[in-house]
Amino acid sequence: MKNIKLFALLAMFSIGAFITKTNAQIDVTINPIGALFANLSVGADFAVSENMSVEAQLGFGSDKGGGDLAGYSYKNFPVTVIGKYYFNPNNGTDKFYADVFMRFVKRSYDYDDAFFSAYKQTRFGLGFGIGYKIVGNSGFVFDIGVGAGRAFVDKLKYEDSSGTQTEIDWTELMLNGKLGIGYRFGG
């Protein structure tokens, strides 16, 4: 719980510090593929200068099974803060960029089954990535990126149908992907 509070505090401080220096240019995006599969992810990318921006992404995913999957439940809550540096922008914070990200993810699966009952995961990590953003004259934004890093906190618990809980060692690799379409406000 202490790590979650620290992450939230750092994220709010970072966004607040950079918003005060922005030139009122904000790119708001949504992940269209995730939205098709009940995983809503929205991002707001705040320009700090022509070559730098800070993006905050919030997501939520939820699913409940029916039919053969009755009793299945899934929830996903990712929060990501990304600092981006654009190497040669045309319209301010566009084209090829490198980034540093901080990501927190909380997931849970519950399933009433003969073998599997519950799976809960909490992850927090840092990493680096690359991406490319296209901004049209009309304000249309297309942003795609990928990154990898290390999970510093990774708590994973598995519970079988008898109620036995097991802590599982999970890879420290943390991945971050971005596919966003949206609109640029201001600038």
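Residues numbered from 1 in each chain as written. Predicted model: local features only at pLDDT ≥ 70, side-chain atom pairs only at ≥ 80, totals over all residues. Heavy atoms only, no water.

Observations regarding the overall build of the protein
Reasoning step 1: Each helix and strand counted, the protein has two helices and nine strands in total.
Reasoning step 2: In the protein, the succession of α and β elements from N to C terminus is α-β-α-β-β-β-β-β-β-β-β.
Reasoning step 3: Counting the 187 residues in the protein, one finds 37% classified as buried.
Reasoning step 4: Once local pairs closer than 6 in sequence are excluded, the contacts in the protein between residues at least 24 apart make up 61%.
Reasoning step 5: As presented, the protein carries roughly 10600 Å² of accessible surface, and 65% of it is formed by carbon and sulfur atoms. (Helix = DSSP H or I, 4+ residues; strand = E, 2+ residues; numbered from the N terminus. Buried < 20%, exposed > 50% of the residue type's maximum accessible area, 1.4 Å probe, protein only. Contact = heavy atoms within 4.5 Å. Areas by Shrake-Rupley, 256 points an atom, 1.4 Å probe, with all protein chains shown as cover.)

Digging into the pairing of strand β4 (residues 72-86)
Along any regular strand, the residues point their side chains to alternate faces of the sheet.
Reasoning step 1: Sheet topology note: the strand β3 (residues 52-64)/β4 ladder contains 11 bridges and is antiparallel. Note that in β4 the partner of M52 across the bridge is Y85.
Reasoning step 2: The sheet contact formed by β4 and strand β5 (residues 95-111) spans 15 bridges and is antiparallel. Each residue of the ladder has a partner; that of Y74, found in β5, is Y109. (Pairing = 2+ DSSP bridges.)

Structural notes on the pattern of salt bridges
Reasoning step 1: Scanning the entire structure with this criterion turns up nine salt bridges.
Reasoning step 2: A salt bridge links D45 to K84, with the nearest nitrogen and oxygen atoms 3.2 Å apart. Taken together, the residues D45 in strand β2 (residues 39-47) and K84 in strand β4 connect sequence positions 39 residues apart.
Reasoning step 3: Note on D45: relative accessible area 3%, which makes it buried.
Reasoning step 4: Note on K84: relative accessible area 2%, which makes it buried.
Reasoning step 5: Salt-bridge contacts for K178 lead to E55; the nearest nitrogen and oxygen are separated by 2.6 Å. (Salt bridge = Lys/Arg side-chain N within 4 Å of Asp/Glu carboxyl O.)

Brief notes about the environment of Y111
Reasoning step 1: Within the fold, Y111 resides in strand β5.
Reasoning step 2: Each C-alpha atom of the pair Y111 and K64 lies 9.7 Å from the other, and the pair is 47 residues apart in sequence.

Comments concerning the environment of N176
Reasoning step 1: Its location among the elements puts N176 in strand β9 (residues 173-185).
Reasoning step 2: In the structure, N176 is positioned 96 residues away from T80 in sequence and 8.8 Å away in space, judged by C-alpha atoms.
Reasoning step 3: Excluding anything up to four places from it in sequence, N176 contacts Q57, T80, I82, F101, R103, G145, V146 and G147.
Reasoning step 4: Side chain to side chain, N176 and R103 meet in a polar contact 3.4 Å long. (Polar contact = N/O pair within 3.5 Å; in protein donor to acceptor, adjacent residues only side chain to side chain.)

Re the packing of aromatic side chains
The geometry of an aromatic ring pair is captured by two quantities: the separation of the ring centres and the angle between the planes.
Reasoning step 1: Inspection of the entire model under this criterion finds six aromatic pairs.
Reasoning step 2: Seen from their ring centres, Y74 and Y109 are 4.8 Å apart, and the 35° between their planes marks the pair as tilted. In this pair, Y74 is assigned in strand β4 and Y109 in strand β5, connecting sequence segments 35 residues apart.
Reasoning step 3: Assessed through its relative accessible area of 11%, Y74 is described here as buried.
Reasoning step 4: Owing to a relative accessible area of 24%, Y109 belongs among the partly exposed residues under this scheme.
Reasoning step 5: In textbook terms, an aromatic cluster arises when at least three aromatic residues are bridged by ring pairs, as seen for Y74, Y109 and Y119. (Phe/Tyr/Trp six-rings, centres within 6.5 Å; stacked < 30°, edge-to-face > 60°.)

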